[in-house]
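Chain and residue survey
Given next are the chains, with one letter for each unit.
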Amino acid sequence: MGADDDLHKLWIQQTAGGDRSAFEQLFRAYEKRIFGFLFRMLSNIETAEELTSDVMVEVWKSAPRFRGESRVSTWMFGIARFKALSALRRHESEAVALEDVSEPSDPHETADMGLLRQSTSDQIQRALRTLSPDHRAVIELTFYEEFSYPEIAAILRCPINTVKTRMFHARKRLRDVLSREMAP
Amino acid sequence: MTTDISHSTVQEVLPGFVNGTASDAEREMVTSHLATCADCRDELSFLQQIRSAVTEEASATPPFRSQFSPTMAKIDALESARPVSVIQRVRDVLGAVWPPGTPVRTVLVVQFAAIVLLAGIVVLRQPEASFTTLSGGETPAGAGPRLTVMFQPGATEETIRRALRDVNGTVVSGPSAAGVYLIELPGPSDDARAIDRAIDALRSQTNVVRFVEQQP
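A brief structural summary.

How each quantity is defined
Residues numbered from 1 in each chain as written. Chains lettered and ligands numbered in written order. Predicted model: local features only at pLDDT ≥ 70, side-chain atom pairs only at ≥ 80, totals over all residues. Heavy atoms only, no water. Helix = DSSP H or I, 4+ residues; strand = E, 2+ residues; numbered from the N terminus. Contact = heavy atoms within 4.5 Å. Buried < 20%, exposed > 50% of the residue type's maximum accessible area, 1.4 Å probe, protein only. Disulfide = S-S within 2.5 Å. Pairing = 2+ DSSP bridges. Axes fitted to C-alpha atoms, helices over the stretch in contact; angles between N-to-C directions.

1. Quick look at the environment of Ala16(A)
Residues and elements named next belong to chain A.
- The topology assignment puts Ala-16 in helix α1 (residues 2-16).
- Distance from Ala-16 to Lys-61, taken between C-alpha atoms, is 7.9 Å for residues 45 residues apart in sequence.
- Setting aside anything within four residues of it in sequence, one finds Ala-16 in contact with Ala-63 and Pro-64.

Structure, rendered in structure tokens:
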């Protein structure tokens, strides 16, 4: 991770000097991750593609201002998250309402089984989609991108305690939704 | 359930324990607490399930079209739309000949600043500049928000005119060597929603507009 980050910082430095080859390497290294993050926040392939491009343009423009105090990935995900929130605001937030997604495919299937241990991945994924964009981002950045609390705070531009609070509420929300789904 | 103070701390640290970002001390604390706390063991199992679900969902991310070429087109458009300032050019030339801090360079910089100041005074005393635009008549340079736009190679003058009329846009300069136009919108520069609407409207006309971005 450290060696990778050193290399990525070098690419940023070279990009800041107008080196398109370094920019392309950086682009290729992050394109899929940034797209995936945006897609899971926005649930729209075309918007996620468009914003991935916008994020990379911002990286090109802002590379001279990157001070290297955080990991490159932290900085780039911060840009991606900002773009995603702007897009969500523009389109009046496309977060799916709880009522729209929490209907289990077969409400009797797990009714008499232990509560959470039998949660299927599908059920958790449906529950994840009921989270607000802020809560969803914390879960995603923790469990898929594997960032630490301080890194997530940097990406989301909020205090570490806010990240912890969001994580707490996101976990609680997921438990509540899954419990409701599995109730007889 | 244990009631010691570490319980709430462990609950807080568990996500980091699961994703591997917890420190050694935290891992040690969690491990010893888990041996005596069924609630935390259950929570750990729950978080591991969340992690699996998130990972599984992420691996099912749909295929996407690489955005490298479109991104480079945007960057080219931005670069060619952004005028290189005279000051920057002079600085580049000076930097190549005399490194920063040399007396000759300092004298030249002061002289150049004086020239820029005098030139500024002359320019400010000129009558207001005006542009002859494609989508309107003689239009004074306004203070509205500006967009950099590239049109599709196959777009006709009529479709371009219609696209600009839809957003009340006015061509204030262009095309540049790279085919970039500068479009001015009516209204204040800080009306982000109106600007976004205009950008969305232009982007939706994919057979006419190749690229549009607010001028930085």
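Now that the structure has been shown, we can carry on.
2. Considerations on helix α7 (residues 133-143) of chain A
- Of all 11 residues in α7(A), eight are buried, a share of seventy percent or more.
- Turning to α7(A), its buried residues are Arg136(A), Ala137(A), Val138(A), Ile139(A), Glu140(A), Leu141(A), Thr142(A) and Phe143(A).

3. Structural notes on the state of the cysteines
- Here the structure, examined in full by the defined rule, presents zero disulfides over all chains.
- For the unlinked cysteine Cys37(B), the closest cysteine sulfur is that of Cys40(B), found at 3.7 Å.

4. Regarding the sheet that holds strand β5 (residues 180-184) of chain B
All names here are of chain B.
- Strand order in this open sheet of four strands is β4-β5-β3-β6, and the pairing throughout is antiparallel. Each edge of the open sheet carries a strand with a single partner, namely β4 (170-173) and β6 (209-214). The sheet shows a mean angle of 35° between the axes of neighbouring strands, direction not considered.
- Pairing geometry for strand β3 (residues 146-151) and β6, over five bridges, is antiparallel. Residue pairing across strands places Val-149 opposite Val-212, the latter belonging to β6.

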